[in-house]
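# Examination of the molecular architecture
Spelled out, the chains give:
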Amino acid sequence: TSEPPVYDFSNVKVPTAMFVGQYDRLADPTDCAHLKQELDTAGDSLIYYQEWPLGHLAFLLADDMEFWTKDAMGMVEQYTADLVYQGGEN
């Protein structure tokens, strides 16, 4: 079928960050924008959304990975620190 299934995004309770490539052929930017809208409407799970002029593999192989070290790793550090502070570390 050409119609995707309908999902209830109000059940998404984990902090969700979206790193979107504007030239991504696997995770189409139109689909990502739709998912962003669904997550925004469903609640407060979407904590970060950013688009870059990259394709899918550029998130792994780009010449300049500053966007990853600053944005993504900063977010991981923030949420890891939050878990440790809340006693969630195993």
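Provided above is the structure to which this section pertains.
Residues numbered from 1 in each chain as written. Predicted model: local features only at pLDDT ≥ 70, side-chain atom pairs only at ≥ 80, totals over all residues. Heavy atoms only, no water.

### So, the packing of aromatic side chains
Given two aromatic rings, their pairing is described by the distance between the two centres and the angle made by the two planes. Here is the rule: Put simply, two rings from Phe, Tyr or Trp (the six-membered ring, in Trp's case) pair if the centres are within 6.5 Å, and we call them stacked under 30 degrees between planes, edge-to-face over 60, tilted for the rest. To sit over a ring, a charge needs its Lys NZ or Arg CZ within 6 Å of the ring centre and within 35 degrees of the ring normal.
Evaluated as defined, the whole model comprises 3 aromatic pairs. Following the ring pairs from residue to residue traces out a cluster consisting of Phe-19, Tyr-48 and Trp-52. Over the face of the ring belonging to Tyr-49 we find Lys-36, whose NZ or CZ atom lies 5.3 Å from the ring centre.

### Here's the deal with a nonpolar patch on the surface
Quick note on the threshold: Any residue with relative accessible area above 30% and no salt bridge may belong to a patch, with like charges joined within 9 Å and the nonpolar Val, Leu, Ile, Met, Phe, Trp and Tyr side chains within 5 Å. Here, Shrake-Rupley sampling with a 1.4 Å probe gives the accessible areas, and only protein chains in the shown set may cover a residue. A pair is scored as a salt bridge if a Lys or Arg side-chain nitrogen falls within 4 Å of a carboxyl oxygen belonging to Asp or Glu. Helix and strand assignments follow DSSP, with helices taken as H or I runs no shorter than four residues and strands as E runs no shorter than two, numbered in order from the N terminus. Residue exposure (1.4 Å probe, protein chains only): buried if accessible area is under 20% of the type maximum, exposed if over 50%, otherwise partly exposed.
On the surface, a cluster of nonpolar side chains totalling about 360 Å² of accessible area is made up of Leu-57, Leu-60 and Leu-61. Along the chain, the position of Leu-61 falls in helix α2 (residues 58-61). Owing to a relative accessible area of 63%, Leu-61 belongs among the exposed residues under this scheme.

### Some remarks on the nonpolar core
Worth spelling out the cut-off: Grouping buried Ala, Val, Leu, Ile, Met, Phe, Trp, Tyr and Cys residues that are joined through side-chain atoms within 4.5 Å yields what is termed a nonpolar core.
Listed in full, the 8 residues of the largest apolar core are Tyr-48, Trp-52, Leu-54, Ala-58, Phe-59, Ala-62, Phe-67 and Met-75. Counting only elements with at least two residues in this core, the list comes to β2 (46-52), α2 and α3 (66-85). Within the second largest apolar cluster, 6 residues are counted, among which are Cys-32, Leu-39, Leu-46 and Tyr-49.

### Comments concerning the side chain of Asp-24
Basically, it comes down to this: Within this scheme the basic residues Lys and Arg register as positive and the acidic residues Asp and Glu register as negative, but His and the chain ends are omitted. Here a polar contact is taken to be a pair of N or O atoms separated by no more than 3.5 Å, where protein atoms must pair a possible hydrogen donor with a possible acceptor and residues adjacent in sequence count only if both atoms sit in side chains.
Positionally, Asp-24 belongs in the loop between β1 (16-21) and α1 (29-42). Nearest to the buried, unbridged Asp-24 among oppositely charged side chains is Arg-25, at 8.0 Å. Separated by 2.7 Å, the side chain of Asp-24 and the backbone nitrogen of Leu-26 make a polar contact. A distance of 2.9 Å separates a polar side-chain atom of Asp-24 from the backbone nitrogen of Ala-27.

### Some remarks on the pairing of β1
Two faces belong to every sheet, and in a regular strand the side chains alternate between them. Short version of the rule: Note: two strands are recorded as paired if DSSP finds a minimum of 2 bridges between them. Orient the strands so they point away from the viewer, and a crossover whose first-strand-to-second-strand path over the helix runs clockwise is right-handed.
Here β1 runs beside β2; their pairing, made up of 6 bridges, is parallel. Within β2, the position partnered with Gly-21 by the bridge is Trp-52. In the classification by handedness, the crossover that spans β1, the intervening α1 and the parallel β2 is right-handed.

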